[in-house]
Amino acid sequence: MDKNFDYSCFDKQYDSAKVKEAINDYEKNGGDGDFEPVPHDTYEVKVNSCELKKSKKGDPMVSIVFKIINGTFKNRLIFMNQVVKEAFQFHIVNALLKSLDTGLDIHFDTYQQYGNMLYDVAEQTESQNLEYQLNYEEAKNDFDKFTIEQVFESEAPMQVAPSDDDDEEPPF
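The numbering scheme is per chain: residues are counted from 1 as the chain's sequence reads. At least 70 in pLDDT is required for a residue's local features to be given in this predicted model, at least 80 for side-chain atom pairs to be given and counted, and no such filter applies to totals for whole chains, interfaces and linings, which use all residues. Only hydrogens and water are removed before side-chain values are computed, so all heavy atoms of the structure are retained for them.

Student: Would you mind going over the packing of aromatic side chains with me for this structure?
Tutor: Ring geometry is summarised as follows: Phe, Tyr and Trp rings, the Trp one being its six-membered ring, pair when their centres sit within 6.5 Å, and such pairs are stacked at plane angles under 30 degrees, edge-to-face over 60 and tilted between the two. Across all of its chains, the model carries eight aromatic pairs by this definition. With a centroid separation of 6.2 Å and an interplanar angle of 90 degrees, the aromatic rings of Tyr-43 and Phe-73 are classed as edge-to-face. With a gap of 30 residues between them, Tyr-43 in strand 1 (residues 41-54) and Phe-73 in the loop between strand 2 (60-68) and strand 3 (77-83) connect regions that are remote in the sequence. Think of it in three bands: residues with accessible area under 20% of the maximum for their type are buried, residues over 50% are exposed, and the middle band is partly exposed, with areas taken using a 1.4 Å probe on protein chains only. Tyr-43 sits in the buried class, given a relative accessible area of 8%. Residue classification places Phe-73 among the buried positions, given a relative accessible area of 14%. Here the aromatic cluster, defined as three or more aromatic residues joined through ring pairs, consists of Phe-90, Phe-108, Tyr-111 and Tyr-114. Here a strand is any run of E in DSSP of at least two residues, a helix any run of H or I of at least four, and the numbering for each starts at the N terminus.

In structure tokens:
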């Protein structure tokens, strides 16, 4: 830690009074913040991330994060976490991954390969501008169920084509 660092640069960048007020509100509300849970429903989403990580117990777990792209819960996140040690667990994840329609071969050979494949899935959903209609519902035993009902290709950001006038000198 550098005791000589000038932390006041953060005071200039952020309104400390507003930050302090937000902290107090957050703590007064029991630490739950202003967010109500995203209710089970159908949402239009994008894949925000897709990766293999360790669960709290240290087990391999697939984590897919969907970002809601419109409606009341726009920009909120829906989390799909599934431990993957047993065949039925891989089946749940693989069925969801295949429904994302990335064109990738979804399969398990090794955890290393599987983790790399999950990264590729996230990359493909972004590069292909894929969006989804996600049915997010409660299943048995308080687990959540995730079903892709429809796949959309969003329009890619418009590229501005250079005009013939770009070669000319500016008029000043």
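Student: Would you take a moment to explain the pattern of salt bridges for this structure?
Tutor: Any two side chains of opposite charge can pair, on the condition that their charged atoms come close. Should a side-chain nitrogen of Lys or Arg be within 4 Å of a carboxyl oxygen of Asp or Glu, the pair is scored as a salt bridge. In the structure shown here, the tally under the stated rule is two salt bridges. The salt bridge partner of Lys-53 is Glu-51, with a shortest N-O separation of 3.7 Å. By relative accessible area, which is 35% here, Lys-53 ends up partly exposed. Across the salt bridge formed by Asp-59 and Lys-85, the nearest N and O atoms sit 3.6 Å from each other. Pair noted here: Asp-59 is in the loop between strand 1 and strand 2 and Lys-85 is in the loop between strand 3 and helix 3 (87-99), with a separation of 26 residues, a long-range link.

Student: I'm lost on the sheet that holds strand 4 (residues 130-138) in this one. Help?
Tutor: In any sheet, the strands associate via hydrogen bonds between backbone groups, in a parallel or an antiparallel arrangement. Two strands pair under a simple rule: DSSP has to find at least two bridges between them. Pairing in this open sheet of five strands is antiparallel, and the strands run 3-2-1-4-5 from one edge to the other. Each edge of the open sheet carries a strand with a single partner, namely strand 3 and strand 5 (144-153). The sheet shows a mean angle of 40 degrees between the axes of neighbouring strands, taken without regard to direction. Summarising the sheet, strand 1 and strand 2 pair through nine bridges and their orientation is antiparallel. Directly across from Cys-50, in strand 2, lies its bridge partner Ile-64. Only heavy atoms matter for contacts: two residues are in contact if any of them lie within 4.5 Å across the pair. Axes here mean lines fitted to C-alpha atoms, for a helix over just the part in contact, with angles spanning 0 to 180 degrees between N-to-C directions. Against the sheet, helix 3 engages strand 1, strand 2, strand 3, strand 4 and strand 5, with an angle of about 140 degrees to strand 3.

Student: In this structure, what is going on with the pairing of strand 1? I would like to understand it.
Tutor: Both faces of the sheet carry side chains from a regular strand, because those side chains alternate between them. Sheet analysis places strand 1 next to strand 4, joined by five bridges and oriented antiparallel. Paired with Asp-41 across the strands is Tyr-136, a residue of strand 4. Two successive antiparallel strands, strand 1 and strand 2, enclose a turn made up of five residues, where Gly-58 displays a positive phi of approximately 90 degrees.

Student: Can you walk me through the nonpolar core in this structure?
Tutor: One broad trend across soluble globular proteins is that nonpolar side chains are buried collectively. Membership of the largest hydrophobic core comes to 30 residues, with the highest contact counts inside it found for Ile-64, Phe-66, Ile-78 and Leu-97. Contributing elements (two or more residues each) for this core: strand 1, strand 2, strand 3, helix 3, helix 4 (111-127), strand 4 and strand 5. Among the elements that take part in this core, helix 4 stands out by supplying five residues, more than any other. Setting aside residues up to four positions removed in sequence, Leu-97 forms contacts with Cys-50, Ile-64, Ile-106, Tyr-114, Met-117, Leu-118 and Val-121. What we call a nonpolar core is a set of buried Ala, Val, Leu, Ile, Met, Phe, Trp, Tyr and Cys residues that are connected through their side-chain atoms within 4.5 Å.

Student: Looking at this model, I keep getting lost on the layout of surface pockets. Mind explaining?
Tutor: If a probe as big as a water molecule is rolled over the atoms, it shows which places are left empty. Only protein atoms enter the 1 Å grid used here, on which a cavity is any set of points holding a 1.4 Å probe that cannot leave and a pocket is any open set flanked by protein within 12 Å on both sides along at least five of seven lines; residues with an atom within 4 Å of a point are listed as lining. Grid points are joined across faces, edges and corners, and a volume is the space filled by probe spheres set on the points. Roughly 550 Å³ of internal volume is contained in the largest pocket. In terms of lining, the largest pocket is formed by 19 residues, of which the most central are Met-80, Gln-82, Ile-92, Asp-144 and Phe-146. Those elements that provide at least two residues to the lining of the largest pocket are strand 3, helix 3 and strand 5. As for the second largest pocket, its lining consists of Lys-46, Val-47, Asn-48, Ala-122, Glu-123, Thr-125, Glu-126, Asn-129 and Leu-130. Contributions of two or more residues to the lining of the second largest pocket are made by strand 1 and helix 4. Ranked by residue count, the leading element in the lining of the second largest pocket is helix 4, at four residues. Across the lining of the second largest pocket, the residue classes break down as three nonpolar, three polar and three charged. Just so you know the grouping, Ala, Val, Leu, Ile, Met, Phe, Trp, Tyr, Cys and Pro go in nonpolar, Asp, Glu, Lys and Arg go in charged, and all remaining residues, Gly too, go in polar.

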